[in-house]
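For reference, the chains in residue letters:
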Amino acid sequence: MAVTLKPQVITEVFTDPMVPVPYRVRRVRRETADTFTFEYEALDGRRFPFAPGQFNMLYLFGVGEVPISISGDPAHPELLVHTIRAVGTVTKPLCQAKPGDIIGVRGPFGSSWPVREAAGNDIVIVAGGVGLAPLRPAIYYILNHRGEYGRVVLLYGARTPGDMLYKKELAEWRGRFDLQVEVTVDAARPDEWQGNVGVVTTLIPRAHFDPHHVTALVCGPEIMMRFTILELQKRGLRDDQIYISMERNMKCAIALCGHCQYGPHFVCKDGPVFRFDRVKEIFGRREI
Amino acid sequence: MIGEQFLVERRDLQKLLDALQKKGYETVGPTIREGAIVYGPIASVEDLPIGWTDEQDGGRYRLKRREDSAVFGYVVGPHSWKRFLHPPVLSLWKARRNGKGFEVVPNNAEPPQYAFIGVRSCELHAIFIQDRVFTNGKFTDPHYQARRQKIFIVAVNCVQAGGTCFCVSMKTGPRATVGFDLALTEILEGQRHYFVAEVGTEKGAEILRSVPTKPAQPSDIQIAEDRVARAARQMGRHLDTTNIRELLYRNLEHPRWDEVATRCLNCANCTMVCPTCFCTTVEDVTDLTGTEAERVRKWDSCFTLDFSYVHGGSVRASARARYRQWLTHKLASWIDQFGTSGCVGCGRCITWCPVGIDITEEVRAIRQSEAAQLSERGG
């Protein structure tokens, strides 16, 4: 008997980007009074490749979901690392998670720091507060490929010495001869801090780099990024040499919910990392 | 057969619904509920608002009896077809605790197979726009796609315009030209009551074969064209879209935004009735025992404070900023994002605004103030 095969409708097999994948907390490290760094591993052992600057949506069972930047080393995709500040209804309980607890992860999403494109250039990284967390994967990447870059500078500003992230690593990085690390705090008692006092922009004039061949990676509160850009422009950087990372409300992270719109951009898809010349018309404008 | 036109007598319209229902379609269309023409299940032609029309203006909507028994003698109401393709409330998945972890079960329920009865040309364009939003980017909304793939569209060409209509300005109507399976133009002339039916797809042709028809003569087609042309001349509103993106981007700090903010109630009606507004939020909930969790997606609006909340406060804290976001998104940044305007000129946002804020008037105010400044400078 002849069998006629009908053309079959092929339904694409895909992971629904709205469905979280369970991850287990492996380690917790306290960074500051309200900020913690978590190492997670997938229950099914899957690796988590990502690009520096990308973020995930972290889900706490029944509570909700928040966008959080990935702060780990892209050379170690077997571990997923997030630094989380306990400020909201989801981040507070997320920060109370203990080793063995399970959370949900969707991602990675969004654009990344241009670490490959910047090869051959000097690099200046300017971070404010928890803004160091999304930059740390870029720092790891650059240090892992140190020979490909010229001078590398890290400028970090925190509100107080107690608000500084990654203190041990900062100390290690300061000990390196191939990295200029400058740290400042907005305010400190003399008995707890002997270093720089002042906002992070005060460090920019003394950073060593060639303004014509440098890529700047900037992350922090919007006001901090605005003044950082002004200082970098004073040093002679063009707008297309400067990259910033934006933060907006996000519900889906796949450019369908509309919440993260920033002018014509969706921060979840076109950002969070933007080359400054692409957003300069709206950057700093109030309530966009 | 595609592109061919036929005559369907009014008394045979029920046979069209019968044919669709026999094919397994859930027929939905305009029907009267709570003093308005909304979209809901249509079991028979009698469920349609026969002999009714609507009077619309800024902040005003009234149903009125017609002097005839037209079946489609009104324009669009507060509902749009997005409520079927992009439901207002949708469960995305459920999760159940197991030990310390949880298991997620996505909502893969087979969506209904809808036949939309009476889709106006502006609404067809709204569907095309949402196609771009949900299925044309890096990510696709599987729920929209599953619904969209299955629909059957019976378009209706408008033979009269509403008081807040401006599809001619937006180049989206009043005649349906693409994207329908069948398109009807309703003709009432003396004792005659019939439809000129245009076949848009093979699927449409197949359904029409179950309905008694006669080939339409050139004179029938001409009458239908004339009726639609008359609607085009009756537009209640007009919007000049010349360089509208640049106009709005140039005027993000225009005093008109402050002025409109004094009238806008931030009620979000415009975004709910808009056939292209697509924003959603998600709610994560659990049952009382905390063992079952669910993520529910719901329509959201850029007019709420929560919409732009990041820790520390809302990005768009003022009513001025929220109205500006809505209007500039609709008419300007939508073009950057999706290669099309987000407005189809249906007029719903004008009609259903409780204080009658008129999108066409807001743009005109900004355009005219610029023109006035230019002519002052020019002397």
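Per chain, residues are indexed from 1 in the order of the written sequence. All chains are assigned letters beginning with A, and all ligands numbers beginning with 1, in the order in which they are written. With pLDDT at 70 or above as the cut-off, local features in this predicted model cover only qualifying residues; side-chain atom pairs require 80 or more to be listed or tallied, and sums for whole chains, interfaces and linings still use all residues. Side-chain numbers come from the whole structure's heavy atoms, not from hydrogens or water.

Our focus in this paragraph is the interface of chain B and chain A. We call two residues in contact when some of their heavy atoms are within 4.5 Å. Contacts between the two partners involve 52 residues from chain B and, on the opposite side, 42 residues from chain A. Defined here as a combined quantity, buried area equals the accessible surface (1.4 Å probe) lost by two parts on assembly, summed across both. Summed over both partners, the interface of chain B with chain A comes to about 3700 Å²; 60% of that surface belongs to carbon and sulfur atoms. Looking only at chain B, the three residues that lose the most surface to chain A are Lys100(B), Phe102(B) and Phe139(B), adding up to 17% of its buried area. Definition used for salt bridges: Asp or Glu carboxyl oxygen within 4 Å of a side-chain nitrogen of Lys or Arg. In this assembly, chain B and chain A are joined by 3 salt bridges. In this structure, Arg295(B) and Glu65(A) form a salt bridge, with 3.1 Å as the shortest nitrogen-oxygen distance. Here a polar contact is recorded for every N or O atom pair within 3.5 Å, except that within protein the pair must consist of a potential hydrogen donor and a potential acceptor, and residues adjacent in sequence are included only if both atoms are side-chain atoms. Taken together, chain B and chain A are joined by 19 residue pairs in polar contact (both at pLDDT 80 or more). Labels follow the DSSP assignment, with helices taken as runs of H or I lasting at least four residues and strands as runs of E lasting at least two, numbered in each case from the N terminus. Those elements that provide at least two residues to the side of chain B that touches chain A are strand S6 (89-98), strand S7 (101-106), helix H3 (121-135), strand S13 (280-286), strand S14 (292-299), strand S15 (309-310) and helix H11 (319-338) of chain B. Examining the composition of the side of chain B that touches chain A, we find that 8 residues originate from one element, H11(B), more than from any other. Of the residues belonging to the side of chain B that touches chain A, the class tally is 24 nonpolar, 14 polar and 14 charged. Residues are grouped as follows: nonpolar covers Ala, Val, Leu, Ile, Met, Phe, Trp, Tyr, Cys and Pro; charged covers Asp, Glu, Lys and Arg; every other residue, Gly included, is treated as polar.

Moving on, we come to the side chain of His265(A). Here His265(A) is to be found in strand S14 (residues 265-266). Using a 1.4 Å probe on the protein chains alone, a residue whose accessible area is under 20% of its type maximum counts as buried, one over 50% counts as exposed, and one in between counts as partly exposed. Among the residues examined, His265(A) registers a relative accessible area of 16% and is labelled buried. A distance of 3.2 Å separates the side chain of His265(A) from the backbone oxygen of Arg278(A), its partner in a polar contact. Each residue touching His265(A), except ones within four places of it in the same chain, is listed here: Cys260(A), Asp270(A), Phe274(A), Arg278(A), Val279(A), Ile282(A) and Gln337(B).

So, about a nonpolar patch on the surface. Patches in this entry comprise residues that are over 30% relatively accessible and not in a salt bridge; like charges within 9 Å are linked, as are nonpolar side chains (Val, Leu, Ile, Met, Phe, Trp, Tyr) within 5 Å. The Shrake-Rupley method, run with a 1.4 Å probe, gives the accessible areas here. Residue values count only the displayed protein chains as cover. Taken together, the side chains of Ile223(A), Phe227(A) and Leu230(A) present a nonpolar region at the surface, about 290 Å² in accessible area. With respect to the helices and strands, Phe227(A) occurs in helix H4 (residues 222-234).

This paragraph deals with the side chain of Glu182(A). Relative to the helices and strands, Glu182(A) resides in strand S9 (residues 180-185). What Glu182(A) contacts, discounting residues up to four positions off in sequence, is Leu154(A), Leu155(A), Tyr156(A), Asn196(A), Leu203(A) and Arg206(A).

Another point: the domain arrangement of chain A. Residues and elements named next belong to chain A. As annotated, the domain borders come from an automatic or database domain assignment. The domain boundaries assigned to chain A delineate domain 1 (21-109) and domain 2 (122-278). Taking the mean C-alpha position of each, domain 1 and domain 2 sit 21 Å from one another. Both sides together, the interface formed by domain 1 and domain 2 hides about 1700 Å², and carbon and sulfur atoms give 61% of it. Across the domain 1-domain 2 interface, the total number found is 0 salt bridges. Our count for the domain 1 to domain 2 interface comes out at 5 residue pairs in polar contact (both at pLDDT 80 or more). Where the side of domain 1 that touches domain 2 is concerned, the elements lending two or more residues are strand S2 (35-42), strand S3 (55-60), strand S4 (64-69), strand S5 (80-85) and strand S6 (102-109). Taken together, the residues of the side of domain 1 that touches domain 2 sort by class into 10 nonpolar, 8 polar and 5 charged.

A word on the pattern of salt bridges. Enumeration over the complete set of coordinates arrives at 53 salt bridges over all chains. The salt bridge involving Asp68(B) is made with Arg66(B); its shortest N-O contact spans 2.6 Å. Owing to a relative accessible area of 27%, Asp68(B) belongs among the partly exposed residues under this scheme. Across the pair Arg175(B) and Glu225(B) runs a salt bridge, and its minimum N-O distance is 3.2 Å. Taken together, the positions of Arg175(B) in the loop between helix H5 (167-170) and strand S10 (182-189) and Glu225(B) in helix H7 (residues 218-233) put the pair 50 residues apart, joining distant regions of the chain. Through salt bridges with shared partners, a single network forms among Arg285(A), Glu253(B), Asp258(B), Arg320(B) and Arg324(B).

When you line up the elements, Lys98(A) lands in the loop between helix H1 (91-95) and S6. Placed 60 residues apart in sequence, Lys98(A) and Phe38(A) show a C-alpha to C-alpha distance of 9.2 Å.

All right, on to the state of the cysteines then. Residue and element names in this part refer to chain A. Any cysteine sulfur atom paired with another within 2.5 Å is treated as part of a disulfide. Counted by the stated rule, this structure contains 0 disulfides over all chains. Summary of cysteine pairing: Cys252 is not part of a disulfide, and the nearest cysteine sulfur, belonging to Cys257, is at 3.8 Å. On the basis of relative accessible area, Cys252 is assigned to the buried category, the value being 6%. Looking at the unpaired Cys260, the closest cysteine sulfur is the one in Cys268, lying at 3.7 Å. Overall, the relative accessible area of 2% leaves Cys260 in the buried class.

Here the nonpolar core consists of buried residues drawn from Ala, Val, Leu, Ile, Met, Phe, Trp, Tyr and Cys, with membership extended through side-chain atoms lying within 4.5 Å. In terms of nonpolar packing, the biggest core is built from 118 residues, with Ile244(A), Phe116(B), Trp326(B) and Leu331(B) touching the most fellow members. Setting aside residues no more than four positions away along its own chain, Trp326(B) makes contact with Cys270(B), Thr271(B), Cys277(B), Cys302(B), Phe303(B), Cys349(B) and Ile359(B).

Moving on, we come to the sheet that holds strand S9 (residues 152-156) of chain B. Residue and element names in this part refer to chain B. DSSP calls a pair of strands paired once it identifies at least 2 bridges connecting them. Across the sheet, 8 strands lie side by side as S3-S2-S8-S9-S10-S11-S1-S12; this open sheet has mixed pairing. The open sheet has two edge strands with one neighbour each: strand S3 (36-41) and strand S12 (214-215). Where strand S2 (residues 26-33) meets strand S8 (residues 114-119), 3 bridges bridge the pair, whose relative direction is parallel. Each residue of the ladder has a partner; that of Glu26, found in S8, is Tyr114. Fitting a line to C-alpha atoms yields each axis, with helices limited to the stretch in contact; the angle taken between N-to-C directions then spans 0 to 180 degrees. Seen against the sheet, H3 touches S3, S8 and S9 and runs at an angle of roughly 135° to S8.

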